[in-house]
Amino acid sequence: MSPTDRGLAVRAGSQSVNGGAIKKIWIDLDNSPHVPFFHPIIEELSSRGYEVLLTARNSYQVCDLLKLHNLLNCEVIGRHWGKNRLLKIMGTCTRTARLLPILLRNRPDLAVSHGSRGQMLAGYLLRIPTVTMYDYEFVNKLSFIHSLWQITPEYLTDREDVEEPSRRLRYPGLKEDVYVPRFRPMPNLRAQLGIGSSDLMITVRPPATEAHYHNPASELLFDAAMNFFMERSDARVVLLPRNDRQAASLRKTWGRWISEQKIVIPQHAIDGLNVVWFSDLVVSGGGTMNREAAALGVPAYSIFRGTIGAVDRYLAGQGRLTLIESVDEVRTKIALVRRNRPDVPESGNRITLQTIVNIIVSILESKKQPSHEPNA
């Protein structure tokens, strides 16, 4: 193994939990939300004596988040190719080709991701058993490739792209419950952003305009929401673009309000949970930030206008997420109210994390249907 390859692996002890040679798990971080999600999973697997081979794609803010979470033993391969479907396919194939030499040298025993197409294709070509997690059932899939196992939140219905029904496995809660219980607030976050204690802090995540599931109606809701917020004298919007291209477009469109500091665009990646926690409300055109807000008890409003998934329907049914479905509802449903924020969030539990790790370990050690008990 070359020095570069050694740098890719997050190492633990010299033996696996079953007393044999160390087994290696390849985790591929394909998108920004995967970094905080997999961080505690990586730590837990390492603490149990497994070796983690870590790769990532330069997509959205993945590289900045790797630094923020101190996941430096990671090889970044490939990038996001924009919204053109042909370029997306070419990018996936190119990235897969670049991943193959690393995998041939490192020989992982199991591949795990949250929907990485590059990993699925590479695993298929090299016959590496693959585990795919997802929490949005309408995501596009590689129709000719089936992961051996799929792991989803308990609220999702079955899909027909897994070889055996017994290999569809579920965990309690949401994917955000993996890392939210570890969250500890940074008391000076608002001051760092230049937002006063008397300001109404609104965090806004624009729609993912380059995603395959994007619906242009989301952009209409985004514009309506931003205009609504700018009318409020004490409102300060923390705007979190998805990439540099979107940031440049937003700075051009909303330049007046940015210059007047009514809108703040952070200069570098910041911890999303802290931004959510110190917000009075969150409005997002995607899924993760709204679910983080729901997990932290922060009022959350979705301006996503693609097909609504089971997780968001579940949260909306519980009153933890409000779905904004028209421009008129921006003003009738979004409550611009300061939140009575406790000093610290509820501690939560580690059942979701432990269940996911137990499933991965059971698959790795037995290649059979694992136990779902969190302490098994």
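Just above, that's the structure.
Residues numbered from 1 in each chain as written. Predicted model: local features only at pLDDT ≥ 70, side-chain atom pairs only at ≥ 80, totals over all residues. Heavy atoms only, no water.

Among the nonpolar cores identified, the biggest contains 69 residues, and Ile-27, Phe-38, Ile-41, Leu-45 and Val-112 are the most heavily contacted of them. For this core, the leading source of residues is helix H14 (residues 351-366), giving eight residues. (Core = buried A, V, L, I, M, F, W, Y, C linked by side-chain atoms within 4.5 Å. Buried < 20%, exposed > 50% of the residue type's maximum accessible area, 1.4 Å probe, protein only. Helix = DSSP H or I, 4+ residues; strand = E, 2+ residues; numbered from the N terminus.)

Glancing now at the sheet that holds strand S12 (residues 281-284). Two pairing modes exist for strands in a sheet, parallel and antiparallel, and in both the strands are linked by backbone hydrogen bonds. Read across the sheet, six strands follow the order S11-S10-S9-S12-S13-S14 without closing on themselves; strand pairing throughout is parallel. Two strands in the sheet have a free side with no partner beyond their single neighbour: strand S11 (263-264) and strand S14 (322-323). Pairing of strand S9 (residues 200-205) with S12 involves four bridges; the strand directions are parallel. The partner of Val-204 across the bridge, within S12, is Val-283. Contacts from helix H11 (residues 288-296) reach S9, S12 and strand S13 (300-302), with the element oriented near 155° to S12. (Pairing = 2+ DSSP bridges. Contact = heavy atoms within 4.5 Å. Axes fitted to C-alpha atoms, helices over the stretch in contact; angles between N-to-C directions.)

Residues Leu-281 and Val-283 line one face of S12 and the alternating positions Val-282 and Ser-284 line the opposite face, and both faces are buried. The pairing of S12 with S13 spans three bridges and is parallel. Looking across to S13, one finds that Val-283 is bridged to Tyr-301. This β-α-β element, S12 to H11 to S13, shows right-handed connectivity. (Right-handed = clockwise from strand over helix to strand, strands pointing away.)

Before going further, it helps to spend a moment on the packing of aromatic side chains. Taken as a whole and assessed by the stated rule, the structure comprises seven aromatic pairs. Ring geometry for Tyr-136 against Phe-138: centres 5.7 Å apart, planes inclined by 70°, an arrangement best described as edge-to-face. Aromatic ring contacts, followed pair by pair, group Tyr-136, Phe-138 and Phe-304 into a single cluster. It is Arg-127 that lies over the ring of Tyr-124; its NZ or CZ is 5.4 Å from the centre. The ring centre of Trp-277 lies 4.9 Å from the NZ or CZ of Arg-339, which sits over that ring. (Phe/Tyr/Trp six-rings, centres within 6.5 Å; stacked < 30°, edge-to-face > 60°. Lys NZ or Arg CZ within 6 Å of the ring centre and 35° of its normal.)

In this section: helix H7 (residues 217-230). With 14 residues, H7 extends 20 Å from end C-alpha to end C-alpha; this agrees with the ideal 20 Å at 1.5 Å per step. Of the residues making up H7, those classed as buried are Ser-218, Leu-221, Phe-222, Ala-224, Ala-225, Met-226, Phe-228, Phe-229 and Met-230. (Expected span 1.5 Å × (residues − 1).)

For Asp-135, the position within the fold is in the loop between strand S6 (130-133) and strand S7 (149-153). In terms of polar contacts, Asp-135 uses its side chain to reach the side chain of Lys-175, at 3.3 Å. Here Arg-291 takes part through its side chain, which lies 2.6 Å from a polar atom of the side chain of Asp-135. Setting aside chain neighbours within four positions, we find Asp-135 in contact with His-114, Pro-153, Leu-156, Lys-175, Glu-176, Arg-291 and Val-311. (Polar contact = N/O pair within 3.5 Å; in protein donor to acceptor, adjacent residues only side chain to side chain.)

We now examine the pattern of salt bridges. The full count for this structure, using the stated rule, is 18 salt bridges. Ionic pairing is found between Glu-137 and Arg-313, a salt bridge with its closest N-O pair at 3.8 Å. Here Glu-137, found in the loop between S6 and S7, pairs with Arg-313, found in helix H12 (residues 310-318); they are 176 residues apart in sequence, far enough to count as distant. Its relative accessible area of 9% is what places Glu-137 among the buried residues. It is possible to trace a salt-bridge network through shared partners that takes in Asp-135, Lys-175, Glu-176, Arg-291 and Asp-312. (Salt bridge = Lys/Arg side-chain N within 4 Å of Asp/Glu carboxyl O.)

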